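Below are the chains, spelled out letter by letter.
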Amino acid sequence: MEAKISSDEIAYFNQGNVKLTTVSSVLISSSPYLNHPTLPQMLAQEMLRRNGPDVSPTAYIPEVAQIFHQLENVGRIVELFEMEKARLPKFREWCEKRSLANFRLDDVAHCAPGTLGAAIHHFMATSGYELEFMFKEIPVVNDFTFYLRQTAVTHDIEHIVTGFGPNHGGEIALIEANLQSKARYFCAELASFFNRIPTYLKAKTMLKDVLFYPDAHVLVQEAQVQGQRQGLNWKYPLMLADWRAMIDMPLTEVQAELGITPVPEPGLWQDTTDLAIDPRQDLAQAAE
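Here we summarise the structure given alongside this text. (Residues numbered from 1 in each chain as written. Predicted model: local features only at pLDDT ≥ 70, side-chain atom pairs only at ≥ 80, totals over all residues. Heavy atoms only, no water.)

### Re the overall build of the protein
What the protein contains, in helices and strands, is 14 helices and zero strands. With the C-alpha coordinates aligned to their principal axes, the bounding extent of the protein is approximately 65 × 50 × 35 Å. When the 288 residues of the protein are sorted by exposure, 42% land in the buried category. A sequence separation of at least 24 residues applies to 71% of the contacts in the protein between residues at least 6 apart. With an accessible surface of roughly 16200 Å², the protein has 56% of that area assigned to carbon and sulfur atoms. Side-chain charges of the protein comprise 24 positive and 36 negative groups, with the mean position of each set lying 6 Å from the other. (Helix = DSSP H or I, 4+ residues; strand = E, 2+ residues; numbered from the N terminus. Buried < 20%, exposed > 50% of the residue type's maximum accessible area, 1.4 Å probe, protein only. Contact = heavy atoms within 4.5 Å. Areas by Shrake-Rupley, 256 points an atom, 1.4 Å probe, with all protein chains shown as cover. Lys, Arg positive; Asp, Glu negative; His and termini not counted. Charge placed at Lys NZ, Arg CZ, Asp CG, Glu CD.)

Structural data, given as structure tokens:
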């Protein structure tokens, strides 16, 4: 048995195509992303490879993020920021206040048990991670640079308040909740800008899972649904939350304040990252 596509079927799906020619001496497309010298190969590798100990599942995230930003029309993004600040008071307040949530351990060491600050302190103390992991060297000089810094440092805080842990299912659920919330809150063009990199992260995970990790593939279908359900209940995108103003609030009150519901049971999907890990012997065979 062979799954074979006939020439007639190929012709059916390609009817209306127009052959274009060019005098260019290099590969060229109407897509700036396809024209980039390294991005297509990078995306293909990340979406089609197996996971393994030789290359982290998070490999190339900074590189891909930087390329996407380099290809943006930053002037247009700044225009969209101004348009949305005029329309959305909460977004305007967030941009003007610039309350950067780059907490260190000492910043939240005083927080009482059960508060958001205590949860942040526990996360950093037990994981060994810092909240800032990208764009750390960019100075906050305008709305756009504040957006870059703030949305990088708040990723793990969002894990804490949503209950979607930093694991295979939780990452997809958190991405999906953010995609839904931003698409409903911002104008389509700015929402698409905000959602570009998260969509890449979701796409590469889902394609690898469906190609190589059946149990993980089934899991992320559930995670998407739970993420969508919660994200649709958020009062506004979590990127606009003033976390510094809430560190001494009980975590349950923070969740109520932001409309974070339903909150999953603690430990949901805790060991699911193991569903997308290949045994080392498979890698050795592949190398041979």
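Now that the structure has been shown, the text picks up again.
### Some words on unusual backbone geometry
Cis rather than trans, the peptide bond between T261 and P262 has omega equal to -5°. Tracing the backbone shows P262 in the loop between α13 (251-258) and α14 (280-287). One non-glycine residue with positive phi stands out, namely R98, at about 50°. Structurally, R98 can be placed in the loop between α6 (89-97) and α7 (116-127). Judged by its relative accessible area of 32%, R98 is partly exposed. Within the chain, W269 stands out as a residue other than glycine whose phi angle is a positive 60°. Counting through the fold element by element, W269 comes out in the loop between α13 and α14.

### Quick look at the packing of helix α8 (residues 143-153) against helix α9 (residues 155-162)
In a packed pair of helices, the relevant descriptors are the angle between the two axes and the axis-to-axis distance. Interaxial distance between α8 and α9 falls to 4 Å at its minimum, and their mutual angle equals 45°. On the basis of the axis angle, α8 is oblique to α9. Where α8 abuts α9, its residues T151, A152 and V153 lie against H155, D156 and I157. Classifying every residue of the contact of α8 with α9 by side-chain character gives three nonpolar, two polar and one charged. (Axes fitted to C-alpha atoms, helices over the stretch in contact; angles between N-to-C directions. Parallel < 35°, antiparallel > 145°, perpendicular 65-115°, else oblique. Nonpolar A, V, L, I, M, F, W, Y, C, P; charged D, E, K, R; others polar.)

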